[in-house]
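Remarks on the overall topology
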Amino acid sequence: LNRLDEALSGYERALTINPGHLSTLRDHAIVAMRAGQPVRALPSLDRALAIDPSWANGQQHRGRAHTQSGRFADAETDFAVALTLDPGNRDALNGRAWLRHISGDRMGCLRDLEALVAEDPTNAEARAFLSLAYLREERFAEGWSAYESRWDVPANAGIFDGATRFRWDGSQNLTGRS
């Protein structure tokens, strides 16, 4: 058994003692997802949300589990509920953007990423993902400038020290680097 399996077993033993303990249900689900077992997370998330349907992060966690399980319609519903409960929930918006990306809704993905970056321009993950979405849509000027913003993201300070800072050469293609 690896450490995640050991943790899952421990949470499952705890849930036999107190099956409605919200923190344990949450932690069990999160560990199951980290272990790559989203189907194992779903019953805990379902039980926790039955106890507290206003738990926005629970809705977004279940949306991620549904996404990882390939249940895209259920995931879309979960993310919609999470964002209704907490419109500023960046994790839910990021999760929905990823869902829309893998399910082929490119424009929906782009809208979610633009909203994420508008909310927090320093969100390095969202900016990088947005740059790739722009490039995929052949919006090269926006895509390359967003991609190049990685140099200026505070979280990346020091990572690129000494690296050659290539700049977009204006080409209207995916290789437009000089």
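What comes next concerns the included structure. (Residues numbered from 1 in each chain as written. Predicted model: local features only at pLDDT ≥ 70, side-chain atom pairs only at ≥ 80, totals over all residues. Heavy atoms only, no water.)

1. Here's the deal with the nonpolar core
Stated formally: For the purposes of this section, nonpolar cores are sets of buried Ala, Val, Leu, Ile, Met, Phe, Trp, Tyr and Cys residues that join through side-chain atoms within 4.5 Å. Classification of residues uses two cut-offs on accessible area relative to the type maximum, computed with a 1.4 Å probe and protein chains only: under 20% is buried, over 50% is exposed, and between them is partly exposed. By definition in these notes, contact holds between two residues if any of their heavy atoms fall within 4.5 Å.
In this structure, Leu113 and Leu130 are the most contacted members of the largest nonpolar core, which totals 19 residues. Filtering out sequence-adjacent residues up to four positions away, Leu113 remains in contact with Ala97, Ala126, Phe129, Leu130 and Ala133. Core analysis: the next-biggest nonpolar cluster, separate from the first, contains 14 residues, Leu15, Ala29, Ala41 and Leu45 among them.

2. What about the environment of His21?
The line we're drawing: The secondary structure listing takes helices from DSSP runs of H or I that are at least 4 residues long and strands from runs of E that are at least 2 residues long, numbered from the N terminus. Counted as a polar contact is a pair of N or O atoms within 3.5 Å, where, for protein atoms, one must be capable of donating a hydrogen and the other of accepting one, and residues adjacent in sequence contribute only when both atoms are in side chains.
Note on placement: His21 falls in the loop between α1 (3–17) and α2 (22–34). For the pair His21 and Arg47, spaced 26 residues apart in sequence, the C-alpha separation works out to 9.6 Å. Here the side chain of His21 touches Thr24 through a polar contact of 2.7 Å, side chain to side chain.

3. Some remarks on the pattern of salt bridges
Applied cut-off: Definition used for salt bridges: Asp or Glu carboxyl oxygen within 4 Å of a side-chain nitrogen of Lys or Arg.
Summed over all chains, the structure comprises 14 salt bridges. Linking Arg3 and Glu6 is a salt bridge whose minimum nitrogen-to-oxygen distance equals 4.0 Å. Here Arg3 and its partner Glu6 are both found in helix α1, three residues apart, which amounts to about one turn of the helix. Exposure remark for Arg3: the relative accessible area of 68% places this residue in the exposed category. The partly exposed category is assigned to Glu6, whose relative accessible area is 38%. One network of salt bridges, in which partners are shared, links Glu76, Arg96, Arg100, Asp105 and Asp112.

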